[in-house]
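Overview (structure and organization)
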Amino acid sequence: MRISEAARRLGTSARMLRYREELGLLPQVRDPLAGLSWRVAAPAGAAGAAGAAGAAGASVGEAGAGRGATHRQFTEADLEAVAAALELERRYDISPASLAFGLRVLAEPQVRAAVADLGRRLGRIPPTPGRALDFEKERALRLLGRR
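All of the points below concern the structure found in this document. None of the values given here were measured: they were computed from a predicted structure.

**Some words on the overall build of the protein chain**
A count of helical and extended segments in the protein chain gives eight helices and zero strands. For the protein chain, the sequential pattern of α-helices and β-strands runs α-α-α-α-α-α-α-α. For the protein chain, the share of sequence-separated contacts (at least 6 apart) that also reach a separation of at least 24 residues comes to 52%. As displayed, the protein chain has an accessible area near 10400 Å², and 58% of this comes from carbon and sulfur atoms.

**Description of the side chain of Arg 72**
Within the secondary structure layout, Arg 72 lies in the loop between helix H4 (60–65) and helix H5 (76–92). In this structure the side chain of Arg 72 is engaged in a polar contact, spanning 2.8 Å, whose partner is the side chain of Glu 21. A polar contact is formed between the side chain of Arg 72 and the backbone oxygen of Pro 27, at a distance of 2.6 Å.

**Considering the pattern of salt bridges**
Evaluation of the coordinates by the stated rule reveals nine salt bridges. Here Glu 21 ties to Arg 72 by a salt bridge, and the two come within 2.8 Å at their closest N and O atoms. Of this pair, Glu 21 sits in helix H2 (residues 14–23) while Arg 72 sits in the loop between H4 and H5; the two residues are 51 residues apart in sequence, bridging distant segments of the chain. For Arg 72, a relative accessible area of 8% corresponds to the buried category. The salt bridge involving Arg 90 is made with Glu 87; its shortest N-O contact spans 2.6 Å.

**Side note on the packing of aromatic side chains**
Scanning the model with the defined rule gives zero aromatic pairs in all. Arg 72 extends its terminal NZ or CZ atom over the ring of Phe 74, reaching a point 5.1 Å from the ring centre.

**Section: unusual backbone geometry**
Despite not being glycine, Asp 93 has its phi angle at roughly 50°, a positive value. Overall, Asp 93 belongs to the exposed group, its relative accessible area being 70%.

**As for the packing of helix H1 (residues 3–10) against H2**
One can describe the packing of H1 onto H2 by two numbers: an axis separation of 8 Å at closest approach and a directional angle of 100°. Between H1 and H2, the interaxial angle falls into the category roughly perpendicular. Between H1, through Ile 3, Ala 6, Ala 7 and Leu 10, and H2, the contact on the second element is made entirely by Ala 14, Leu 17 and Arg 18. Across the contact of H1 with H2, the residue classes break down as six nonpolar, no polar and one charged.

Basis of the calculations
Residues numbered from 1 in each chain as written. Predicted model: local features only at pLDDT ≥ 70, side-chain atom pairs only at ≥ 80, totals over all residues. Heavy atoms only, no water. Helix = DSSP H or I, 4+ residues; strand = E, 2+ residues; numbered from the N terminus. Contact = heavy atoms within 4.5 Å. Areas by Shrake-Rupley, 256 points an atom, 1.4 Å probe, with all protein chains shown as cover. Polar contact = N/O pair within 3.5 Å; in protein donor to acceptor, adjacent residues only side chain to side chain. Salt bridge = Lys/Arg side-chain N within 4 Å of Asp/Glu carboxyl O. Buried < 20%, exposed > 50% of the residue type's maximum accessible area, 1.4 Å probe, protein only. Phe/Tyr/Trp six-rings, centres within 6.5 Å; stacked < 30°, edge-to-face > 60°. Lys NZ or Arg CZ within 6 Å of the ring centre and 35° of its normal. Axes fitted to C-alpha atoms, helices over the stretch in contact; angles between N-to-C directions. Parallel < 35°, antiparallel > 145°, perpendicular 65-115°, else oblique. Nonpolar A, V, L, I, M, F, W, Y, C, P; charged D, E, K, R; others polar.

Structure, rendered in structure tokens:
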């Protein structure tokens, strides 16, 4: 189904669905050209048909394949995923950007490590067992040094 129908069924706007797609909150499109809209233009100064299409505001799919602009088609699984995201946002009173960052933390190990380090520094996550043992060792050495 088209984005307008998907938005209507989800009780949101097409603009919000596009925003969620930019944030990575929609399932990835299986066909690389299926998710391109008329807004995606070729890089400035590109030569040939792609340059002319980009200057005219046509999609990469239109310029590269010689066909009309392709638009993402939403499946029932896509709608269920977006509905689940909307429910999480409502339940935890968070923005789509916050949810997208939470997903990034889960998906990218280096981001997860940086956020965990911050959580430990702020005291919201307990120190790792190794660091706790180092603290106890230093404390014991300080106590022994007082004698």
